[in-house]
Amino acid sequence: MSNLVIVESPAKAKTIKKYLGKDYEVVASMGHVRDLPKARLAVDIKKNYAPKYAIIKGKEKLVDELKSLAKDSDKIYLATDPDREGEAISWHLAYILGLDLEDKNRVEFNEITKTGVNNGMANPRSIDIDLVNAQQARRILDRLVGYKLSPFVSQKIRRGLSAGRVQSVALKIIVDRENEIRAFKPEEYWSIEAKLSPKSSRKVFNASLALGPDGKKIKINNKEEADKILEEIKDAEFIVTKVRNGTRKKSPYPPFITSTLQQEASRKLGYQSRRTMKIAQELYEGVDVEGYGTTGLITYMRTDSLRISNDAVAEVTQYINDNFGPEYLPPKPRVFKSRSNAQDGHEAIRPSIPSLSPDKVKDSLTIEQYKLYKLIWDRFTACQMADCIHKTTQAEINANDYIFKASGYRVDFDGYTTLYVDSNDAEGTKEKQLPPLEKNMPTKVREIIPNQHFTQPPARFTEASLIKALEENGIGRPSTYAATISTITSREYVKREAKSLVPTELGEALVTLLKERFPKIVNVKFTAQMEEDLDKVEHGDEQWVELLDNFYVDFDKTLKKAKEDMEGVKIKLKEDETDIVCENCGRKMVVKVGRYGKFIACPGYPECKNIKKFVEKIGVQCPECGGDVITRKTKKGKVFYGCSNYPDCNYMSWYEPVNEKCPQCGKILYKKKGKKQTIFCATEGCGYTKDQ
């Protein structure tokens, strides 16, 4: 008996083959094998939006091999990833291989372990056509928007632009925030802080002015008001009038889902979402772990469910009991509630073998894999640990009827925080432990400090905060966030400044055009409703053709009207002027964008047609010949730094050089990017480094 199992990746195939043995042939489809061809719309709008699929270019040989293997197999199992995309890949494979859609040949692996694989193989089912239709609807919807709208915006703004359904809303959210920042007008306010200590102690604590003599919350608008208060309390006695001691419990965060993993990996590890998902995919598909062989280390990483299996809870509970002690266990296992619109097909992201701690697998993983596995393992293990207990103190101190307040805490029992502290908690901790305070206790004034402040504008989005905003507004799916952010940055609609996402002039022009002409495309509520409708298709509660028709009829009318109203109109962008003078006509040349990317041209076109190759200088001289260091890219798009005098000068570096010499050896210094940016010397044997 020969059995063929088709998965998506070679790494996954290798791991599963180990568990299934010699009676099974396990091969990889390398992702999708059939799709809408890129060169044409490939959707017959008049025939119920019928898609015209074709074998993906370059995969013809692979498809022939799959057909040959299928022909020689007694049983075929389709074991692609357990989500919409995976279901669609299985459906396409079934069509190509001539399989009956009613056959129970679809298997799912939530984790690539022996138990996970055996459970999947023991419970085959037929392909879920509702899941397939939801994927088809999304794919066709995005094709209709992209194929119809992109040429229009390219014609009106600049060649080569794209306007996608989800990416346009994400871009609008970033642009709207930038407009909020520009419109923000800072307001002055003041605070007064007293540094006090009990007369019987030298320990200093801080107390902030909170209430005025009338008992109302005090607001200090300017220096004059602050000076008046300072005068009134100048010789006052600071007497403790109230002390309230209490207990505060902090419960652990739930295990990760896709969006929260991307957010926390961004904040704690400095990973972009695409990088996080790539590493998570590797951990899911299988890593060769010493003593275990090839095994999947985490459950499926595309999920928005917080469900945890009973077996996993039992195993991690035993681990906590054995390694931390029974006092670190909660009274009963924790159960976390998923969001109302969450897909509950998979568990939360957790280690597939909870007892396999990060230290045990460290030597078998790359640095990136180890860091992400540790983050997932720590968060999951902590979610089944006891609360952290704080003993809190809140005090009020009277000074001539002005009330100062002080608060603090001490950790009475560390609980889950002995293992894991969420980045939001770490950033937000300002309270400190107070000395023992009692009612009517006099205090000694060490210093009274007036502080001037100005209200701050809302912060720009980071990748983590944008993902949070997209999720909260129901835009897209967690599995699409990485691709969405990658698209708007690679298209230069958004640029990264440190961790912030800043819209470019091009991005703002695109959003302005879409808001004026296609308001529904960038409407957050409309896009979220579309997501809910796709979920209804997945659950069999709505027909996918009807969903497409409801959208396209209105979209088509809007597009036709926009073309009529804007005939002959071209939106002008400010061209980046360079310091290069055109040798033909004396004008300063500008940066333009053409079919093959950026180039430098004379603004006097068509009278003057002078053009030059675009080079991006970084403002640093080449350490070898004194030329300009410029940004370059490999064929695969990886950025490196080289000399503008190439090939006469062969200087290059993967790290960005800076305008600073090493204080130890005098050589040029480099910038190392990451969660914590550092400046370092690359000279062998030097070792100089400093935080940026």
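- Per an unreviewed UniProt entry, the chain goes by DNA topoisomerase 1 and derives from Ruminococcus bovis.
- In its Subunit (unreviewed entry) section, UniProt records this for the chain: "Monomer."
- Under the UniProt heading Catalytic activity (unreviewed entry), the entry covering the chain gives this text: "ATP-independent breakage of single-stranded DNA, followed by passage and rejoining."

## What to know about the overall build of the chain
Item 1. The helix and strand inventory of the chain stands at 18 helices and 29 strands.
Item 2. Structurally, the chain occupies a C-alpha span of about 90 × 80 × 60 Å along its principal axes.
Item 3. In the structure as shown, the chain presents an accessible area of about 36,100 Å², 47% of it carried by carbon and sulfur atoms.
Item 4. Of the charged side chains in the chain, 115 are positive and 99 negative; the average position of the first set lies 3 Å away from that of the second.

## A few points about the sheet that holds strand E25 (residues 652-653)
Item 1. Overall, antiparallel pairing links the four strands, which are arranged E22-E23-E24-E25 in an open sheet. Both edges of this open sheet fall to strand E22 (616-621) and E25, since each of them pairs with a single strand only.
Item 2. In this structure, E22 lies alongside strand E23 (residues 628-633), joined through three bridges in antiparallel fashion. What sits directly across from Gln621, in E23, is Asp628.

## Overview of the sheet that holds strand E14 (residues 402-413)
Item 1. Strand order in this closed barrel of six strands is E8-E9-E14-E13-E10-E15, and the pairing throughout is antiparallel. Across the sheet, the mean angle separating the axes of adjacent strands is 35° when strand polarity is ignored.
Item 2. As paired strands, strand E8 (residues 188-198) and strand E9 (residues 205-211) are joined by four bridges and run antiparallel to one another. Each bridged residue has a counterpart across the sheet, and for Glu193 the counterpart in E9 is Ser208.
Item 3. Against the sheet, helix H7 (residues 223-232) makes contact with E8, E9, E14 and strand E15 (442-454), and its axis sits at roughly 25° relative to E8, the strand it touches most.

## Here we look at the pattern of salt bridges
Item 1. A complete count under the given rule lists 40 salt bridges for this structure.
Item 2. Note that Asp142 is salt-bridged to Arg165, the shortest N-O span being 2.8 Å. You can see Asp142 sitting in helix H5 (residues 129-156) and its partner Arg165 sitting in helix H6 (residues 165-183), a full 23 residues away along the chain.
Item 3. Residue Asp142 is classed as partly exposed on the basis of its relative accessible area, which comes to 29%.
Item 4. Taking the shortest distance from any N to any O, the salt bridge between Arg350 and Glu347 comes out at 2.7 Å. The same class applies to Arg350 as to Glu347, namely buried.
Item 5. It is possible to trace a salt-bridge network through shared partners that takes in Arg84, Asp304, Arg477, Asp535 and Glu538.

## Some details on the domain arrangement of the chain
Item 1. Taken as a whole, the chain is organised into domain 1 (3-127), domain 2 (137-183 + 459-565), domain 3 (188-251 + 388-454), domain 4 (258-384), domain 5 (576-612) and domain 6 (617-691).
Item 2. Domain 2 and domain 3 are separated by 46 Å when their C-alpha centres are compared.

## Things to note about the packing of helix H9 (residues 273-285) against helix H15 (residues 478-490)
In a packed pair of helices, the relevant descriptors are the angle between the two axes and the axis-to-axis distance.
Item 1. Interaxial distance between H9 and H15 falls to 8 Å at its minimum, and their mutual angle equals 140°. Taken together, H9 and H15 sit at an angle that is classed as oblique. In terms of crossing hand, the pair formed by H9 and H15 is left-handed. Contacts between H9 and H15 involve Ser273, Arg274 and Met277 from the first element and Tyr481, Ala482, Ala483, Ile485 and Ser486 from the second.

## Quick notes on the pairing of E8
Item 1. Both E8 and E15 contribute to a ladder of 11 bridges, which runs antiparallel. Across the sheet, the residue bridging to Glu193 is Ile449, located in E15.

## Here we look at the packing of aromatic side chains
Item 1. What the rule picks out here adds up to 16 aromatic pairs.
Item 2. Taken together, a centroid distance of 5.7 Å and an interplanar angle of 75° make the contact between Phe152 and Phe518 edge-to-face. Of this pair, Phe152 sits in helix H5 while Phe518 is found in the loop between helix H16 (505-517) and helix H17 (524-538), placing the two residues 366 residues apart along the sequence.
Item 3. Its relative accessible area of 2% is what places Phe152 among the buried residues.
Item 4. Taken together, a centroid distance of 5.0 Å and an interplanar angle of 85° make the contact between Tyr655 and Phe680 edge-to-face. With Tyr655 in the loop between E25 and strand E26 (656-661) and Phe680 in strand E28 (residues 678-681), the pair connects residues that are 25 residues apart, well separated along the chain.
Item 5. Taken together, the ring pairs in this structure connect Tyr49, Phe152, Phe518, Phe526, Phe551, Tyr552 and Phe555 into an aromatic cluster.
Item 6. A cation over an aromatic ring shows up here: Arg248 above the ring of Tyr409, its NZ or CZ 5.3 Å from the ring centre.
Item 7. Geometry around Tyr420 places Lys268 over its ring, the cationic atom sitting 4.1 Å from the centre.

## Side note on the UniProt feature "domain: Toprim" (unreviewed entry) in the chain
Item 1. What UniProt calls "domain: Toprim" (unreviewed entry) maps, in this numbering, to residues 2-112.
Item 2. In this annotation, residues 2-112 is assigned 33% helix and 20% strand; the end-to-end C-alpha distance for the span is 22 Å.

## Here's the deal with the environment of Lys71
Item 1. Topologically, Lys71 is positioned in helix H2 (residues 60-71).
Item 2. Residue classification places Lys71 among the exposed positions, given a relative accessible area of 73%.
Item 3. Remark: the alpha-carbon pair of Lys71 and Leu97, spanning 26 residues in sequence, is separated by 8.5 Å.

## A word on the packing of H9 against helix H12 (residues 367-383)
Item 1. Two elements in contact, H9 and H12, have axes whose closest approach is 10 Å; the angle formed by their N-to-C orientations is 90°. The orientation of H9 relative to H12 falls into the category roughly perpendicular. Across from Arg275, Thr276, Ile279, Ala280, Glu282 and Leu283 in H9, the residues of H12 making contact are Glu368, Gln369, Leu372 and Tyr373.
Item 2. For the contact of H9 with H12, the per-class residue count stands at five nonpolar, two polar and three charged.

Reading guide: rules and limits
- Residues numbered from 1 in each chain as written.
- Predicted model: local features only at pLDDT ≥ 70, side-chain atom pairs only at ≥ 80, totals over all residues.
- Heavy atoms only, no water.
- UniProt positions renumbered as here; feature names shortened; annotations may be inferred.
- Helix = DSSP H or I, 4+ residues; strand = E, 2+ residues; numbered from the N terminus.
- Areas by Shrake-Rupley, 256 points an atom, 1.4 Å probe, with all protein chains shown as cover.
- Lys, Arg positive; Asp, Glu negative; His and termini not counted.
- Charge placed at Lys NZ, Arg CZ, Asp CG, Glu CD.
- Pairing = 2+ DSSP bridges.
- Axes fitted to C-alpha atoms, helices over the stretch in contact; angles between N-to-C directions.
- Contact = heavy atoms within 4.5 Å.
- Salt bridge = Lys/Arg side-chain N within 4 Å of Asp/Glu carboxyl O.
- Buried < 20%, exposed > 50% of the residue type's maximum accessible area, 1.4 Å probe, protein only.
- Domains from an automatic or database assignment.
- Parallel < 35°, antiparallel > 145°, perpendicular 65-115°, else oblique.
- Left-handed = near helix turned anticlockwise from the far one by under 90°.
- Phe/Tyr/Trp six-rings, centres within 6.5 Å; stacked < 30°, edge-to-face > 60°.
- Lys NZ or Arg CZ within 6 Å of the ring centre and 35° of its normal.
- Nonpolar A, V, L, I, M, F, W, Y, C, P; charged D, E, K, R; others polar.

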